[in-house]
Every structure is written in C-alpha cells, then in structure tokens.
Amino acid sequence: FAIAYENIPKQEKFTVQHKTKMHRVRVGDTLGFIARRYGTSIRKLKAANSIRTSRIRVGQTIVLPD
C-alpha cells in the first residue's frame, strides 16, 4: 500500500482533516463577526463554505478554515 500510495500524484491524493472547526450561526451573526472571532477573513470563510453572497442563515453551520 505504501509504495502504491507514493506513486499517486500529489494533486490526486485525498487528505482527511481531523477536528474540523465549525461555527453554528446565531441571531445577529455576520460573516465579518465570525471572521473576527476566529481570526480569519470573510474571503476565506466564503471559500471554505462555497458561499457566493454574504447572506448566512441562523442555524447554518460554517466550516472554519485552517
């Protein structure tokens, strides 16, 4: 297995992230608030969650980028 795995091109390897951090959106939360709280940017939050607009919903789970 190890030899076969090493022969797979890097861009085709799948990695599993352990302990993915998430945030559950509450009333009053904005992407800006969430970004500041976790020390990231709105752009990175949008990219990590495939969000195109700045609209988020209460109860939505936002994945926090590393």
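Residues numbered from 1 in each chain as written. Predicted model: local features only at pLDDT ≥ 70, side-chain atom pairs only at ≥ 80, totals over all residues. Heavy atoms only, no water.

1. Describing the overall build of the protein chain
Next up, step 1: Each helix and strand in the protein chain was counted, giving 3 helices and 2 strands.
Next up, step 2: When the helices and strands of the protein chain are read in sequence order from the N terminus, they spell out α-β-α-α-β.
Next up, step 3: A globule of 66 residues ought to have a C-alpha radius of gyration of about 11 Å, yet the protein chain, at 16 Å, is considerably larger.
Next up, step 4: Structurally, the protein chain occupies a C-alpha span of about 50 × 20 × 20 Å along its principal axes.
Next up, step 5: Taken across its 66 residues, the protein chain has 21% of its residues classed as buried.
Next up, step 6: Partitioning the contacts of the protein chain with sequence separation of at least 6, the portion at a separation of at least 24 is 46%.
Next up, step 7: Accessible surface, the protein chain: about 5800 Å² in total, of which carbon and sulfur atoms supply 53%.
Next up, step 8: The distance from the centre of the 14 positive side-chain charges to the centre of the 4 negative ones in the protein chain is 13 Å. (Helix = DSSP H or I, 4+ residues; strand = E, 2+ residues; numbered from the N terminus. Rg over C-alpha atoms; globule rule 2.2 N^0.38 Å. Buried < 20%, exposed > 50% of the residue type's maximum accessible area, 1.4 Å probe, protein only. Contact = heavy atoms within 4.5 Å. Areas by Shrake-Rupley, 256 points an atom, 1.4 Å probe, with all protein chains shown as cover. Lys, Arg positive; Asp, Glu negative; His and termini not counted. Charge placed at Lys NZ, Arg CZ, Asp CG, Glu CD.)

2. Let's talk about the confidence of the model for the protein chain
Next up, step 1: Of the residues in the protein chain, 92% reach a pLDDT of 70 or more, and the chain-wide mean stands at 89.
Next up, step 2: When pLDDT is averaged over each element of the protein chain, helix H2 (residues 31-38) comes out on top at 97 and helix H1 (residues 2-6) at the bottom at 83. (pLDDT = per-residue confidence, 0-100.)

3. Observations concerning a nonpolar patch on the surface
Next up, step 1: Together, Phe-1, Tyr-5 and Ile-8 give the surface a local cluster of nonpolar side chains, amounting to about 340 Å² of exposed area.
Next up, step 2: The residue Tyr-5 is located in helix H1 in this model.
Next up, step 3: Look at Tyr-5 and you get partly exposed, because its relative accessible area is 30%. (Patch = residues over 30% accessible without salt bridge, like charges linked within 9 Å, V, L, I, M, F, W, Y side chains within 5 Å. Salt bridge = Lys/Arg side-chain N within 4 Å of Asp/Glu carboxyl O.)

4. Describing the nonpolar core
Next up, step 1: In this structure, Val-25, Leu-31, Ile-34, Ala-35, Leu-45, Ile-51, Ile-56, Ile-62 and Leu-64 together form the largest nonpolar core, which totals 9 residues.
Next up, step 2: Setting aside residues up to four positions removed in sequence, Ile-51 forms contacts with Leu-31, Lys-46, Ile-56, Gln-60 and Ile-62. (Core = buried A, V, L, I, M, F, W, Y, C linked by side-chain atoms within 4.5 Å.)

5. Looking at unusual backbone geometry
Next up, step 1: Located in the positive-phi region is Ser-50, a residue other than glycine, with phi close to 50 degrees.
Next up, step 2: Here Ser-50 is to be found in the loop between helix H3 (42-49) and strand E2 (61-63).

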